[in-house]
Amino acid sequence: MPLIPEEPQIHESAQGPRATPANGRTAPTPRPVPGPRPAAPSRPGRPGPLRPAPPVQRTPRDVAAKPAPSGPAASATAPVTPQIQLIPASAEGALDAAEEAVDLLLDSGRAPGDILLITTGEQHPWAAHELSFGETSYWAQHDAADDVFYTDATIAARASSRPVVVVAVNGGPETAAVSALSLAHSRAGALLIVCGDPQRINSVLGAGV
């Protein structure tokens, strides 16, 4: 059978003596009247629904503006002038000086495909060797841009731009030096290194290098 909860027993000292009715029977103890139930405490970690904040009105300062150009529009298309370095060398030693410059560039972290070497006189041995297999194979290696590319002033116009161009003024007619230096200046993206006789190079460039 179901259990009936017992009524709470209150000590007489707290309630006072019980009154005995006339018939001699003990009157039942009056039950306390329950007061108002306290509000249930809110569960921690589960706050009530929050009222969303009103949308913030954006002021002109809050609106992201497009960055203004740093200079006139014409400067975006202006050609980049490479840094020019001159390594004094004789016509006979210009190619050796150019190869040493290439080695230093590679040691400093330059990628081989960043470098183009142009000769004004005798071809670099690598260029002469590769051209013996045909121009198609030769220029395919140029287009791959995986290694240092060697060419000479007579065919260098086909070469594309690279970050660094090294010119070895190792002989040849004056026109070859002029065309090689002019082409190298237009092909060099960041650095142009010229190896040869400083007097001859300065006369070609028209200024002290």
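So, how was this worked out
Residues numbered from 1 in each chain as written. Predicted model: local features only at pLDDT ≥ 70, side-chain atom pairs only at ≥ 80, totals over all residues. Heavy atoms only, no water. Pairing = 2+ DSSP bridges. Helix = DSSP H or I, 4+ residues; strand = E, 2+ residues; numbered from the N terminus. Axes fitted to C-alpha atoms, helices over the stretch in contact; angles between N-to-C directions. Contact = heavy atoms within 4.5 Å. Parallel < 35°, antiparallel > 145°, perpendicular 65-115°, else oblique. Left-handed = near helix turned anticlockwise from the far one by under 90°. Nonpolar A, V, L, I, M, F, W, Y, C, P; charged D, E, K, R; others polar. Phe/Tyr/Trp six-rings, centres within 6.5 Å; stacked < 30°, edge-to-face > 60°. Buried < 20%, exposed > 50% of the residue type's maximum accessible area, 1.4 Å probe, protein only. Salt bridge = Lys/Arg side-chain N within 4 Å of Asp/Glu carboxyl O.

Focus on the sheet that holds strand β2 (residues 115-119)
Thinking step 1. Taken in spatial order, the five strands of this open sheet run β1-β5-β4-β2-β3, and their pairing is parallel. Lying at the two open borders of the sheet, with one neighbouring strand each, are β1 (83-88) and β3 (149-152). Each strand of the sheet is rotated relative to its neighbour by a mean of 20°, with strand direction disregarded.
Thinking step 2. Bridge count between β2 and β3: four bridges; the pairing is parallel. Within the sheet, the bridge partner assigned to I118 lies in β3 and is T151.
Thinking step 3. Contacts between helix α6 (residues 198-205) and the sheet are confined to β1 and β5 (188-196), with β5 contributing the most and set at about 135° to the helix.

Some points on the packing of helix α5 (residues 174-187) against α6
Thinking step 1. Contact pair α5 / α6: the axes reach a minimum separation of 10 Å and the direction vectors enclose 65°. With respect to their mutual orientation, α5 and α6 come out roughly perpendicular. At the point where α5 passes α6, the crossing takes the right-handed sense. Every residue of α6 that contacts α5 at E174, A177, V178 and L181 is listed here: R200, I201, S203, V204 and L205.
Thinking step 2. Broken down by class, the residue content of the contact of α5 with α6 amounts to six nonpolar, one polar and two charged.

Section: the packing of aromatic side chains
Thinking step 1. What the rule picks out here adds up to six aromatic pairs.
Thinking step 2. A centroid spacing of 5.8 Å and a plane angle of 75° characterise the contact between W126 and F149, whose relative ring orientation is edge-to-face. Taken together, the positions of W126 in helix α3 (residues 125-131) and F149 in strand β3 put the pair 23 residues apart, joining distant regions of the chain.
Thinking step 3. Seen in terms of ring centroids, Y138 and F149 are 4.8 Å apart; in terms of plane orientation they differ by 45°. Their pairing is tilted. Separated by 11 residues along the polypeptide, Y138 in helix α4 (residues 135-144) and F149 in strand β3 bring together distant segments of the chain. Accessibility classification places Y138 together with F149 in one group, the buried group.
Thinking step 4. One aromatic cluster is present, formed by W126, Y138, W139, F149 and Y150 through successive ring pairs.

A word on the pattern of salt bridges
Thinking step 1. Taken as a whole, this structure holds two salt bridges when the rule is applied.
Thinking step 2. Where D114 meets R110, a salt bridge forms, and the shortest distance between an N and an O atom there is 3.5 Å.
Thinking step 3. For R110, a relative accessible area of 29% corresponds to the partly exposed category.
Thinking step 4. Note that R200 and E174 form a salt bridge whose closest N and O atoms lie 3.4 Å from each other. Here R200 is found in helix α6, whereas its partner E174 is found in helix α5, with 26 residues between them in sequence.
Thinking step 5. By relative accessible area, which is 41% here, E174 ends up partly exposed.

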